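# Notes for the structure review
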Amino acid sequence: MRCFWDDRQLAHAPSVELHNGAFVPFAETASRAGSILAAIGPTEAAADHGEAPLRAVHSEDYLAFLWSAHKDWRAAGRAGDASGYAWPVVRRRPLALDRIDARLGAYSFDASSPIAAGTWEAAYWGAQTALSALGAVLAGERAAFALCRPPGHHCGRDYLGGYCYLNNAAIAAEAAIAAGRQRVAILDVDYHHGNGTQDIFYDRGDVLFASIHADPLLDYPFFWGHEDEIGEGEGEGATLNLPLPRGSDLAAYLPALDVALERVTAFAPDLLIVSYGADTFAGDPISHFRIETGDYAAIARRIASLGKPTLVVMEGGYAVDALGANVASFLEGLS
Ligand SMILES: [Zn+2]
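Residues numbered from 1 in each chain as written. Predicted model: local features only at pLDDT ≥ 70, side-chain atom pairs only at ≥ 80, totals over all residues. Heavy atoms only, no water.

## Examining the overall build of the protein
Note the following rule: Under the scheme used here, helices are H or I runs from DSSP no shorter than 4 residues and strands are E runs no shorter than 2 residues, and both carry numbers assigned from the N terminus. Radius of gyration here is computed from C-alpha atoms only, and the compact-globule reference equals 2.2 Å multiplied by the residue count raised to the power 0.38. Remark: exposure states derive from per-residue accessible area (1.4 Å probe, protein chains only) relative to the maximum for the residue type, with buried under 20%, exposed over 50%, and partly exposed in between. Contacts are assigned to residue pairs that have any heavy atoms within 4.5 Å of one another.
Helices and strands together make up the secondary structure of the protein, namely 10 helices and 10 strands. Computed over the C-alpha atoms, the radius of gyration of the protein is 18 Å, within 12% of the 20 Å expected from 2.2 N^0.38 for a compact globule of 335 residues. Its C-alpha atoms give the protein principal-axis dimensions of roughly 55 × 45 × 40 Å. The buried share of the protein, reckoned over its 335 residues, is 57%. When contacts within the protein are restricted to residue pairs at least 6 apart in sequence, long-range pairs at least 24 apart make up 77% of them.

## Section: a negative patch on the surface
Let me state the cut-off plainly: What goes into a patch is any residue over 30% in relative accessible area without a salt bridge, connected to like charges within 9 Å or, for nonpolar side chains (Val, Leu, Ile, Met, Phe, Trp, Tyr), within 5 Å. Computed with the Shrake-Rupley method and a 1.4 Å probe, the accessible areas treat only the protein chains shown as cover for residues. The term salt bridge refers to a pairing of a side-chain nitrogen on Lys or Arg with a carboxyl oxygen on Asp or Glu at a separation within 4 Å. Asp and Glu count as negative and Lys and Arg as positive, but His and the ends of the chain are not part of the count. Where a charge lies is defined by one atom per residue type: Lys uses NZ, Arg uses CZ, Asp uses CG and Glu uses CD.
Taken together, the side chains of Asp-203, Glu-232, Glu-234 and Glu-236 present a region of like negative charge at the surface. With respect to the helices, strands and loops of the structure, Glu-232 is situated in the loop between β7 (207-214) and β8 (239-244).

## Thoughts on the coordination of the zinc ion
Our working rule: Distances define the donors: N, O and S atoms within 2.8 Å of the metal qualify, as do those within 3.2 Å of Na, K or Ca. Water is excluded, so some sites may look unfinished.
With distances of 2.0 to 2.1 Å, the protein atoms coordinating the zinc ion are Asp-190 (OD), His-192 (ND1) and Asp-279 (OD). Counting the intervening residues between successive donors of the zinc ion yields the motif D-x1-H-x86-D. Here Asp-190, found in the loop between β6 (184-188) and α7 (195-201), pairs with Asp-279, found in the loop between β9 (271-276) and α9 (295-304); they are 89 residues apart in sequence, far enough to count as distant.

## Quick look at the packing of aromatic side chains
As a reminder of what qualifies: The aromatic pairing rule takes the rings of Phe, Tyr and Trp, using the six-membered ring of Trp, and pairs them if the centres are within 6.5 Å, calling planes under 30 degrees apart stacked, those over 60 edge-to-face and the rest tilted.
One pass over the structure, following the stated rule, counts 18 aromatic pairs. Considering the side-chain rings of Tyr-163 and Tyr-318, the 5.5 Å spacing of their centres and the 70° angle between planes classify their relative orientation as edge-to-face. Taken together, the residues Tyr-163 in the loop between β5 (143-146) and α6 (168-178) and Tyr-318 in the loop between β10 (310-314) and α10 (320-334) connect sequence positions 155 residues apart. Across the pair, Tyr-318 and Tyr-163 agree in class, each one buried. Taken together, a centroid distance of 6.5 Å and an interplanar angle of 75° make the contact between Tyr-253 and Phe-289 edge-to-face. You can see Tyr-253 sitting in helix α8 (residues 250-267) and its partner Phe-289 sitting in the loop between β9 and α9, a full 36 residues away along the chain. Phe-289 sits in the buried class, given a relative accessible area of 1%.

## Section: the pairing of strand β3 (residues 22-25)
Let me state the cut-off plainly: Only when DSSP finds a minimum of two bridges between them are two strands counted as paired.
As defined by bridge partners, strand β2 (residues 16-19) adjoins β3 across 4 bridges and the pair is classed as antiparallel. By the bridge assignment, His-19 is partnered in β3 with Ala-22. Joining the antiparallel neighbours β2 and β3 is a turn of 2 residues, in which Asn-20 adopts a positive phi near 50°.

## Some remarks on the packing of α9 against α10
Selection rule: To define axes, lines are fitted to C-alpha atoms, for helices over the stretch in contact only, and angles between the resulting N-to-C directions are given on a 0 to 180 degree scale. In a left-handed crossing the near helix is turned counterclockwise from the far helix by less than a right angle, and in a right-handed crossing that turn is clockwise. Under the scheme applied, nonpolar residues are Ala, Val, Leu, Ile, Met, Phe, Trp, Tyr, Cys and Pro; charged residues are Asp, Glu, Lys and Arg; polar residues are all the others, including Gly.
Running from N to C, α9 and α10 cross one another at 30°; their axes reach a closest spacing of 7 Å. Considering only the axes of α9 and α10, their crossing is right-handed. Residues Tyr-296, Ala-297, Ile-299, Ala-300, Arg-301, Ile-303 and Ala-304 of α9 form the contact with α10, whose participating residues are Asn-326, Ser-329, Phe-330, Gly-333 and Leu-334. Class assignment of the residues belonging to the contact of α9 with α10 gives a composition of 8 nonpolar, 3 polar and 1 charged.

## Topic: unusual backbone geometry
The linkage connecting Arg-149 with the following residue, Pro-150, adopts the cis geometry, with an omega of 5°. Within the secondary structure, Pro-150 sits in the loop between β5 and α6. Here the residue pair Tyr-220 and Pro-221 is connected by a cis peptide bond, since its omega of 10° sits within 30 degrees of zero. Positive phi, close to 70°, is recorded for Tyr-163, a residue that is not glycine. Residue classification places Tyr-163 among the buried residues on the basis of a relative accessible area of 7%. At Phe-222, a position not held by glycine, the phi torsion is positive, near 60°.

## A short note on the sheet that holds β7
One open sheet holds the 8 strands; their spatial order is β4-β1-β5-β10-β9-β6-β7-β8, and the pairing between them is parallel. Strands with a single pairing partner mark the edges of an open sheet, and in this sheet they are β4 (44-45) and β8. The pairing of β6 with β7 spans 5 bridges and is parallel. Paired with Val-184 across the two strands is Val-207, which belongs to β7. The strands touched by helix α5 (residues 119-138) are β1 (2-5), β5, β9 and β10; relative to β5, the strand with the most contacts, the crossing angle is about 170°.

## Some words on the nonpolar core
Nonpolar side chains in soluble globular proteins tend to be buried together. Quick reminder of the rule: By convention a nonpolar core is built from buried Ala, Val, Leu, Ile, Met, Phe, Trp, Tyr and Cys residues, the set being connected through side-chain atoms within 4.5 Å.
Tyr-62, Phe-65, Leu-66, Ile-115, Leu-166, Ile-273 and Leu-311 are the most contacted members of the largest nonpolar core, which totals 55 residues. With 11 residues, α5 is the single largest residue contributor to this core. Among residues more than four places away in sequence, those in contact with Ile-115 are Phe-65, Leu-66, Ala-69, His-70, Asp-81, Ala-82, Leu-104, Leu-160 and Tyr-165. Within the second largest apolar cluster, 49 residues are counted, among which are Ala-33, Ile-36, Val-189 and Leu-257.

## Comments concerning the side chain of Asp-219
Note the cut-off: Residues adjacent in sequence count toward polar contacts only when both atoms are side-chain atoms; beyond that, a polar contact is any pair of N or O atoms within 3.5 Å, and within protein one must be able to donate a hydrogen and the other to accept it.
On the secondary structure map, Asp-219 appears in the loop between β7 and β8. Of the polar contacts made by the side chain of Asp-219, one reaches the side chain of Tyr-191; its length is 2.8 Å. At 3.0 Å, the side chain of Asp-219 and the side chain of Arg-246 are in polar contact.

## Concerning the side chain of Gln-198
Take Gln-198: it is sitting in helix α7. In this structure the side chain of Gln-198 is engaged in a polar contact, spanning 2.9 Å, whose partner is the side chain of His-193. Setting aside residues up to four positions removed in sequence, Gln-198 forms contacts with His-193, Phe-209, Trp-224, Gly-225, Glu-229, Thr-239 and Asn-241.

This is how it looks when you write it as structure tokens:
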């Protein structure tokens, strides 16, 4: 399978994040990519598709904020990584927010996603990596893998969060539609609900979002991913949430996967995008499913049985030592 990667994604390296009430080392490390690269073999460089595909998903003001946030943080006399400490929640409306702390609050939903000096560069090339792998699939490859880092699925049209700054899967979906594809299905199999992707396409009937994830009553991102979220307007019925309890193993996972795949089949997409997170792994340090390395091949084989042109976009996975083997198992099952 053709795999895409760009070294500039290593530029994103925050030092700490707020997790369970304490500042802890940032879990979404550059070493994650190293583990995957060592396991999957040769990769192709990403081509630069410019900012237009990013603007098709994210708002102009959000992109401008993200581009300058760390510079603005330093200009305000701060050291280290930029992170918010106050969020608008109820009174979320357009305001001429001058202070960097206010803008960090307005454009984020958590304190686990600091902006470092290299965040824009890494996120930009993550999106370009997704677009480059998409290009291979649109040109006729049955499947391609975009090693995106930082991940993207928690990031919405105008907010960051959950280690995500640009929504790589959503950017690829919009680009596919701009290239003439009529219907795109996004299957999100990360441990966490892909709230950003869901939000972006919530009122759209041409993009199906189906997600299997930890029950958000117990796990991040808490406020999205519940079964009664089904889309709205033209998108009603084009969002499918399949939360599973903590401790779910392959036997518990496969029936949910079959439900998701039946929905994908009924939707009849001409492109399938898989938001693949390996944080469903039994040994993941921040998650609570029990999927084993060999199970990923079984999951991927069922996805491949749909026979759809498939773009795989990397999302989470924090058991760094096993991450490469988990990704390789998934890609092997897909091909
Ligand atoms: Zn995750």
